[in-house]
Structure formats: C-alpha cells, structure tokens
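# Structural features, examined
What follows is each chain in one-letter form.
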Amino acid sequence: MGLLDTILGRSKPVRPDLDQLFALPSAALTLQAGAGYTPTGLGSVCFAGVEGGGFARIRQDVQELLDADAGQNGHPVEFSQDSYGYTWLLARQEPDDTATLVNDLHAVNTLLQDGGFGPQLLCSLMSFRDAEQRSLALVYLYKRGTFYPFAPRPGGAEKRDNQRELQVRAVLEDDLRIEKDLARWFPVWGAPGL
C-alpha cells in the first residue's frame, strides 16, 4: 500500500483464505451447543456465471468431482440460477458429516479460483436449523475472507431476524473470523439449501 492510498483512506483488500472454511465443523459444534442449531447437510457456493469454454470446462469438472464423491447413496450436485443471474451450486451430505460438506465447498472454491475465476466467486454458505425449524446460514464472503450469520424470519417474507444473527455472532466470534462491518452482512434470499 502506497503513501497516496494511506492519505486517501484506501485500504488493501483482504486476500481470500479458503482454509477459513475448515473452521466450520468446529463452529457447527459450538453453534449446536451454544444456540441449538444443527447442520442440515446442505451447503452452497455462489458465483457470477461466465460464458466461454474455459468456464464451462471447470463447471463440468466441479460437477464430476462432487458427483463421483457422492457414490451410490449420495446426492448429485445441483446448479441453479437466482433472480439476479448468479449461479448457485448446492452440495449435500449427511447432516452429521460437516467435514465432508466443507471439503466439497472448499474443492469448488479452489477449482474456480485456480482456474482463474476467483473474481467471480461471491460466497459460500452452510445451512442449519434449530428445534423450531428456523433456518440459519453461516455465509463465507470470498472477497473479504470473513463469515457472517444470515437468519431469515420464518414465513417466506424477505425479512431478517437481526437479533438471532447478533446472538449467533456472539456465540461464534471465537470460532470464526466474523465480518465486523454489518453493512456487508448481505441477505442471500432464496439461496439453495437455506
């Protein structure tokens, strides 16, 4: 960072650290003990789609890798697009196998990043539910290298439960690198698996 950047108040962007995803299995245990949320076995990766053969090949590699890992009793990976045009990949594992789910999410992010499509990566999330069947996601912001909780209110309306999000933040602040800027806690309405 140069002197001009310092004078103008610009900061150097945080480099993505995909290994932060490996903190999710222990965070899931803390979340279950501290707030009563259990993993659903569902996780998603969101990225901006790109046209072209290179991107299509990486997408096919991702699908083949995760589908091969699913085996006979597993679930194949699913791709979908949201209303904003972003592509979502949904991975499934047994709810008690958070380590394998995190490995799948990490593999997808790594393949896209190593293929030169890191700038298209937006976020990854892992889904949870409590005893009242309320949804919660732990969202990893690729470009920030941080996590935040996303808690939609039950009932289908696009409203967040900010109090629950702040409670989850307090429970997990020793387990995960939590995003400090609350303005970056973006809603992920309609995310597959949530």
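In case you missed it, the structure is sitting above this.
Reading the values: rules and limits
Residues numbered from 1 in each chain as written. Predicted model: local features only at pLDDT ≥ 70, side-chain atom pairs only at ≥ 80, totals over all residues. Heavy atoms only, no water. Helix = DSSP H or I, 4+ residues; strand = E, 2+ residues; numbered from the N terminus. Buried < 20%, exposed > 50% of the residue type's maximum accessible area, 1.4 Å probe, protein only. Contact = heavy atoms within 4.5 Å. Axes fitted to C-alpha atoms, helices over the stretch in contact; angles between N-to-C directions. Parallel < 35°, antiparallel > 145°, perpendicular 65-115°, else oblique. Left-handed = near helix turned anticlockwise from the far one by under 90°. Nonpolar A, V, L, I, M, F, W, Y, C, P; charged D, E, K, R; others polar. Phe/Tyr/Trp six-rings, centres within 6.5 Å; stacked < 30°, edge-to-face > 60°.

Across its full length, the protein holds five helices and six strands. For the protein, the α and β elements follow one another from N to C terminus as α-α-β-α-β-β-α-β-β-β-α. Counting all 194 residues of the protein, 40% fall into the buried class. A fraction of 65% describes how many contacts in the protein between residues 6 or more apart in sequence connect residues 24 or more apart.

Structurally, L194 can be placed in the segment after α5 (162-172). Considered as a pair, L194 and T40 are 154 residues apart in the sequence and their alpha carbons are 8.9 Å apart. Not counting the four nearest positions on each side in its chain, L194 is found in contact with S127, R129, S135, L136, A137, F150, P152 and V188.

Take the packing of helix α2 (residues 24-35) against helix α4 (residues 98-117) next. Put simply, α2 and α4 touch, their axes get as near as 9 Å, and they point 135° apart. Compared by their axis directions, α2 and α4 come out oblique. Classified by chirality, the crossing of α4 by α2 is right-handed. Residues L24, P25 and A28 of α2 lie in contact with α4, whose contacting residues are T98, A99 and V102. A per-class count over the contact of α2 with α4 returns five nonpolar, one polar and no charged.

Attention now goes to the environment of L136. Following the sequence through the fold, L136 ends up in strand β5 (residues 135-141). In this structure L136 comes out as buried when scored by relative accessible area, which is 0%. In sequence terms L136 and L194 are 58 residues apart; their C-alpha atoms lie 7.1 Å from each other.

Under the defined criterion, the tally for this structure stands at three aromatic pairs. An angle of 20° between the planes, with centres 6.0 Å apart, marks the rings of Y148 and W185 as stacked. You can see Y148 sitting in strand β6 (residues 146-150) and its partner W185 sitting in the segment after α5, a full 37 residues away along the chain. Taken as a pair, Y148 and W185 share a single burial class, namely buried. When the ring of F150 is compared with that of W189, the centres are 5.1 Å apart and the planes differ by 75°; the resulting orientation is edge-to-face. Taken together, the residues span a long stretch of sequence, with F150 in strand β6 and W189 in the segment after α5 at a distance of 39 residues.

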